[in-house]
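Residue strings, one per chain:
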Amino acid sequence: NAGVTQTPKFRVLKTGQSMTLLCAQDMNHEYMYWYRQDPGMGLRLIHYSVGEGTTAKGEVPDGYNVSRLKKQNFLLGLESAAPSQTSVYFCASIVGGPGNTIYFGEGSWLTVV
Amino acid sequence: SQQGEEDPQALSIQEGENATMNCSYKTSINNLQWYRQNSGRGLVHLILIRSNEREKHSGRLRVTLDTSKKSSSLLITASRAADTASYFCATDEEGGATNKLIFGTGTLLAVQP
């Protein structure tokens, strides 16, 4: 049981390049989330999914797209990376229902130059 | 906009002392959770308190919740150097069906040996 796994862990992109972050969970969780964390700030919700084939916008969705084609995977895409997207990205999952614990991945450090 | 605001932003104490962190939030909630984040790592769930609870204990952790003031506090007793980390509160909005956790900006705790 690996929990929540994010790949890649580190990446440097040039402005305008595209990339995809992969989040995989092996706990059969329905709900998955992508957050970004910037210095001096808490986590801000980018997009989330309440089940396979569904996605929804969070607090800061602009510049990102997501897909949940399989229940265990939640992909975060940057179509045209910008320096403002330099951040640490965290994926999380939860089985669903209020009061359940969210499980986080270890983070993906992205730098856009 | 972020739901939670932690206070203080940073706290430095000696090993053995107690550490108290506060969290204020804006909307009605189902529950409030506290998370810990070691430098360069993902977030780890510490404790959850439901909106109808006023106090909860877990080991050296004590959490209080005052829904009339929309605030919570986390007390770590008999602190250890290993407690050095950032601590975040997160709220699950009342009526929300998606388990969207909204995080505060965090308190950086440094425990000096």
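Everything that follows concerns the structure shown earlier in this document.
First, a word on what this report is: a plain description of the structure on this page.

Further remarks concern the nonpolar core. The nonpolar side chains of a soluble globular protein tend to be buried with one another. Residue and element names in this part refer to chain B. Met 21, Leu 32, Trp 34, Leu 74, Ile 76, Tyr 87 and Leu 109 are the most contacted members of the largest nonpolar core, which has 20 residues in total. Only β3 (19-24), β4 (29-37), β5 (43-50), β7 (61-66), β8 (71-76), β9 (85-93) and β11 (107-112) provide two or more residues apiece to this core. Once you skip the residues sitting within four places of it in the chain, Leu 32 turns out to touch Cys 23, Tyr 25, Ile 47, Leu 48, Ile 49, Leu 65, Ser 72, Cys 89, Ala 90 and Thr 91.

Okay, the state of the cysteines next. Residues and elements named next belong to chain A. Applying the stated criterion across every chain, the model contains two disulfides over all chains. Paired through a disulfide, Cys 23 and Cys 91 show a sulfur-sulfur distance of 1.8 Å. The chirality of the disulfide connecting Cys 23 with Cys 91 is left-handed, given an S-S dihedral of about -75 degrees. On the criterion of sequence distance, the pair formed by Cys 23 in strand β3 (residues 19-25) and Cys 91 in strand β9 (residues 87-94) is long-range, its members being 68 residues apart.

Residues and elements named next belong to chain A. Among the seven residues that make up strand β4 (residues 31-37), seven are buried, leaving the element largely enclosed by the rest of the structure. Burial along β4 is two-sided: Tyr 31, Tyr 33, Tyr 35 and Gln 37 facing one way and Met 32, Trp 34 and Arg 36 facing the other are all buried. Of the pairings in the sheet, the one linking β4 to β9 comprises seven bridges and is antiparallel in character. If you follow Tyr 31 over to β9, its bridge partner there is Ile 94. Sheet topology places β4 next to strand β5 (residues 43-49); six bridges connect them, and they run antiparallel. Looking across to β5, one finds that Arg 36 is bridged to Arg 44. Linking β4 back to β5 in an antiparallel pair, the connection comprises five residues, with Gly 40 at a positive phi of about 75 degrees.

Another point: the pairing of strand β8 (residues 73-78) of chain A. Residue and element names in this part refer to chain A. The buried count for β8 comes to five of six residues, which makes it a mostly enclosed element. As defined by bridge partners, β3 adjoins β8 across six bridges and the pair is classed as antiparallel. Paired with Cys 23 across the two strands is Phe 74, which belongs to β8. Where strand β7 (residues 65-67) and β8 come together, three bridges link them in antiparallel fashion. Residue pairing in the sheet places Asn 65 in a bridge with Gly 77 of β8.

Rules behind the numbers
- Residues numbered from 1 in each chain as written.
- Chains lettered and ligands numbered in written order.
- Predicted model: local features only at pLDDT ≥ 70, side-chain atom pairs only at ≥ 80, totals over all residues.
- Heavy atoms only, no water.
- Core = buried A, V, L, I, M, F, W, Y, C linked by side-chain atoms within 4.5 Å.
- Buried < 20%, exposed > 50% of the residue type's maximum accessible area, 1.4 Å probe, protein only.
- Helix = DSSP H or I, 4+ residues; strand = E, 2+ residues; numbered from the N terminus.
- Contact = heavy atoms within 4.5 Å.
- Disulfide = S-S within 2.5 Å.
- Pairing = 2+ DSSP bridges.

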